[in-house]
Amino acid sequence: MPTAEPVRLQGSHIDSIIEIAKDSFPTVWTPTEFAYFVDHACGYCYGTFTDEKLTGYLIALLVQGELDVVSLATSLEQRRHGLARKLLNFAMSDQRIYRVVLEVDVDNAPAIQLYESMGFVTAGLRKAYYDKKRDAYRMELNVRPGSPTYGI
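Everything quoted here is computed from the prediction, not taken from an experiment.

Enquirer: Outline the nonpolar core, listing residues and values.
Expert: Tyr44, Leu67, Val69, Leu88 and Tyr115 are the most contacted members of the largest nonpolar core, which has 26 residues in total. Taken together, the elements giving at least two residues each to this core come down to β2 (43–50), β3 (53–63), β4 (66–74), α3 (83–92), β5 (99–105), α4 (109–117) and β7 (134–142). When residues in this core are grouped by element, the largest group, six residues, is from α3. Each residue touching Tyr44, except ones within four places of it in the same chain, is listed here: Arg8, Leu58, Ile59, Ala60, Leu61, Leu62, Leu67, Phe90, Ala91, Asp94, Arg96 and Ile97.

Enquirer: Would you mind going over the pairing of β7 in detail, with residue names and values included?
Expert: With seven bridges joining them, β5 and β7 adopt antiparallel strand pairing. Note that in β7 the partner of Val101 across the bridge is Glu140. Judged from the six bridges that link them, strand β6 (residues 121–130) and β7 form a sheet pairing that is antiparallel. Considered in β7, the bridge of Gly124 is made with Arg138. Where β6 hands over to β7, the hairpin turn is made up of three residues, of which Asp131 adopts a positive phi near 55°.

Enquirer: Which residues make up the sheet that holds β6, and what are the values?
Expert: Hydrogen bonds between backbone groups are what pair the strands of a sheet, and the pairing can be parallel or antiparallel. An order of β1-β2-β3-β4-β5-β7-β6 is seen for the seven strands of this open sheet, with the pairing classed as mixed. Single-partner strands in this sheet number two, and they are β1 (7–8) and β6. Of the pairings in the sheet, the one linking β1 to β2 comprises two bridges and is antiparallel in character. Note that in β2 the partner of Val7 across the bridge is Gly47. Across the sheet, helix α1 (residues 14–22) is in contact with β3 and β4; its angle to β3 comes to roughly 95°. With respect to the sheet, α4 is in contact with β4, β5 and β7, its orientation differing from that of β5 by roughly 160°.

Cut-off values and rules
- Residues numbered from 1 in each chain as written.
- Predicted model: local features only at pLDDT ≥ 70, side-chain atom pairs only at ≥ 80, totals over all residues.
- Heavy atoms only, no water.
- Core = buried A, V, L, I, M, F, W, Y, C linked by side-chain atoms within 4.5 Å.
- Buried < 20%, exposed > 50% of the residue type's maximum accessible area, 1.4 Å probe, protein only.
- Helix = DSSP H or I, 4+ residues; strand = E, 2+ residues; numbered from the N terminus.
- Contact = heavy atoms within 4.5 Å.
- Pairing = 2+ DSSP bridges.
- Axes fitted to C-alpha atoms, helices over the stretch in contact; angles between N-to-C directions.

Encoded structure:
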């Protein structure tokens, strides 16, 4: 059974994060790169767990009310069970967060469908964003009415 609420990720979770990332993305960051976000003063990194095993993660930075999602993934066996939605809803319930931004591979239809179903809108296209080859959509969602904007 997944944990009731997402749990803050620690450095000890990095190996588990990498295992999920390997099944989710064509290129996976190094442990040092993941640690940068997990240990960052503005890091907003949470995971879902089943029987103490990491099943999904959200890695982001929270700066001045804007949450920049840098990686979001779920384990193969837990895909399509609502964990990514749960992690995003958890973040959006945080009263400090006014706006959420992210990039998503233009060919990742399931992720795009999830984000659009949650109200995200496409704000732009980043050419050759991933591995200097694959394009990404820049998507964003103002979480609260009257959210401050920062000229993005």
